[in-house]
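Observations on chain architecture
So you can see what is in the structure, the chains are spelled out below.
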Amino acid sequence: MKPITPFVHGLNDAAAQAWLAALRQAAPGLDIRFATEIAPAERDRVEVAIVANADPADLAAFPRLKWVQSLWAGVERILRDMPDDAVQIVRLVDPQLGETMAEAVLAWTLFLHRAMPVYGAQQARRVWQQHDLPTAAERRIGVLGLGHLGQKSAERLVRNGFDVLGWSRTARDVPGVTTFSGAEGLSRLAAQADIVVVLLPSTPLTRGLLDARFLAAMKPGASLINFARGDIVVRDDLLAALESRHVDHAVLDVFTTEPLPADDPLWDHRQITVLPHISAPTNRRTASAVVADNIEAYFATGRMPATVSRETGY
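The structure reproduced in this document is the subject of the present report. The structure displayed is predicted, hence computed values, not measured ones. (Residues numbered from 1 in each chain as written. Predicted model: local features only at pLDDT ≥ 70, side-chain atom pairs only at ≥ 80, totals over all residues. Heavy atoms only, no water.)

**A few points about the packing of helix α4 (residues 95-113) against helix α6 (residues 148-159)**
It is at 8 Å that the axes of α4 and α6 come closest, and there the two elements cross at 50°. Considering the angle they form, α4 stands oblique to α6. Both α4 and α6 take part in a crossing whose hand is right-handed. Every residue of α6 that contacts α4 at Pro95, Leu97, Gly98, Glu99, Met101, Ala102, Glu103, Val105, Leu106 and Thr109 is listed here: His148, Leu149, Lys152, Ser153, Arg156 and Leu157. Looking at the contact of α4 with α6 residue by residue, the class counts come to eight nonpolar, four polar and four charged. (Axes fitted to C-alpha atoms, helices over the stretch in contact; angles between N-to-C directions. Helix = DSSP H or I, 4+ residues; strand = E, 2+ residues; numbered from the N terminus. Parallel < 35°, antiparallel > 145°, perpendicular 65-115°, else oblique. Left-handed = near helix turned anticlockwise from the far one by under 90°. Contact = heavy atoms within 4.5 Å. Nonpolar A, V, L, I, M, F, W, Y, C, P; charged D, E, K, R; others polar.)

Rendered as structure tokens:
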């Protein structure tokens, strides 16, 4: 008998159906169904659920649930919505996601490195003016967060010839990257980087981390790319730093409210590039394969994959 594995979600119908098909194809040994299709008499057999924007009330229907597999790399929402630590949480760690994020980091770093905002503004004014271009080796890129996504992104930047700095809460070594850690290390990176790329998880320790103090410590004229979570950067402090021109430009892919409301002034800010949370979309095929491997291995061996620490948030 195949293990019953509910798919508990808050997605639209088209997205949910697409995910269900991909999951079933990747895991033919599992009985994956929408949670609403599992009869009350079957619910005691459920030990693992696959979740995507799940309502905790839907998960409460499974009294023997031991752990949930998230379809997303970020888990701050599910940590907030599922305070019961009897149920463990496994975040998605998909190698393809790291490659996708590294590609986005390189693309938007090049966008700033090659002064695309400047030339875009010149086009709007019909100005023909060339500007000096430093080499990649003369441009320092600071990567905040050296987990899976941060390391992949830093490595891609190094391969492209940039001088790369990296910061994490605790010390880490990344080949080709000058690394910093702790509060003092964060300030040292801020003072040296021409472009700061934010790839930190949203945790109690990182929310509001990039505030007026951090922004003031940044190298004058530096730029910021936030591909992490909107609550890591203090919005009003960033706007003040942009208005004073201490920070030159910000590429923002994440916001505290998503979608970004149509009347939000960020859309029209001359020093901000707004993206609709597209830096690293989850690939259904590769993510489903990772999920299938995790759950099938659990039923074969009884061992859970690495779970999220509720203390640290990752």
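Further notes follow.
**Section: the packing of aromatic side chains**
Inspection of every chain in the model, using the stated rule, returns five aromatic pairs. Here Trp67 and Tyr298 contribute two aromatic rings whose centre-to-centre distance is 5.5 Å and whose plane-to-plane angle is 80°, an arrangement assigned as edge-to-face. Note that Trp67 is positioned in strand β4 (residues 67-70) and Tyr298 in helix α10 (residues 284-301), a separation of 231 residues in sequence. Across the pair, Tyr298 and Trp67 agree in class, each one buried. (Phe/Tyr/Trp six-rings, centres within 6.5 Å; stacked < 30°, edge-to-face > 60°. Buried < 20%, exposed > 50% of the residue type's maximum accessible area, 1.4 Å probe, protein only.)

**Brief notes about the nonpolar core**
In a soluble, globular protein the nonpolar side chains are often hidden away together inside. Within the largest apolar cluster, 32 residues are counted, with the highest numbers of intra-cluster contacts made by Leu144, Val196, Val198 and Phe214. Residues in contact with Val198, not counting those within four places in the same chain, are Leu144, Leu210, Leu224, Ile225, Asn226, Phe227, Ala228 and Ile232. Counting 27 residues, the second largest nonpolar core, distinct from the first, contains Ile141, Phe162, Val177 and Ile225. (Core = buried A, V, L, I, M, F, W, Y, C linked by side-chain atoms within 4.5 Å.)

**Let's talk about the environment of Asn283**
Considering the arrangement of structural elements, one finds Asn283 in the loop between β12 (272-274) and α10. Between the C-alpha atoms of Asn283 and Arg213, which are 70 residues apart in sequence, the distance is 37 Å. Setting aside residues up to four positions removed in sequence, Asn283 forms contacts with Trp19, Asp94 and Gln96.

**Observations regarding the sheet that holds strand β6 (residues 140-144)**
Taken in spatial order, the seven strands line up as β8-β7-β6-β9-β10-β11-β12 in an open sheet, and their pairing is parallel. Each end of this open sheet is capped by a strand with a single partner; those strands are β8 (178-181) and β12. The mean angle between the axes of side-by-side strands here comes to 15°, regardless of whether they run parallel or antiparallel. One ladder, built from five bridges, connects strand β10 (residues 222-226) with strand β11 (residues 247-252); its direction is parallel. Paired with Asn226 across the strands is Leu252, a residue of β11. Strands in contact with helix α9 (residues 235-243) are β10, β11 and β12; relative to β11, the strand with the most contacts, it is inclined by about 140°. (Pairing = 2+ DSSP bridges.)

**Comments concerning unusual backbone geometry**
Each neighbour pair has its own omega, and for Glu258 with Pro259 the value is -5°, a cis peptide bond. Mapped onto the elements of the fold, Pro259 is located in the loop between β11 and β12. Phi is positive for Ala115, close to 60°, though the residue is something other than glycine. For Ala115, the location among the structural elements is in the loop between α4 and α5 (116-124).

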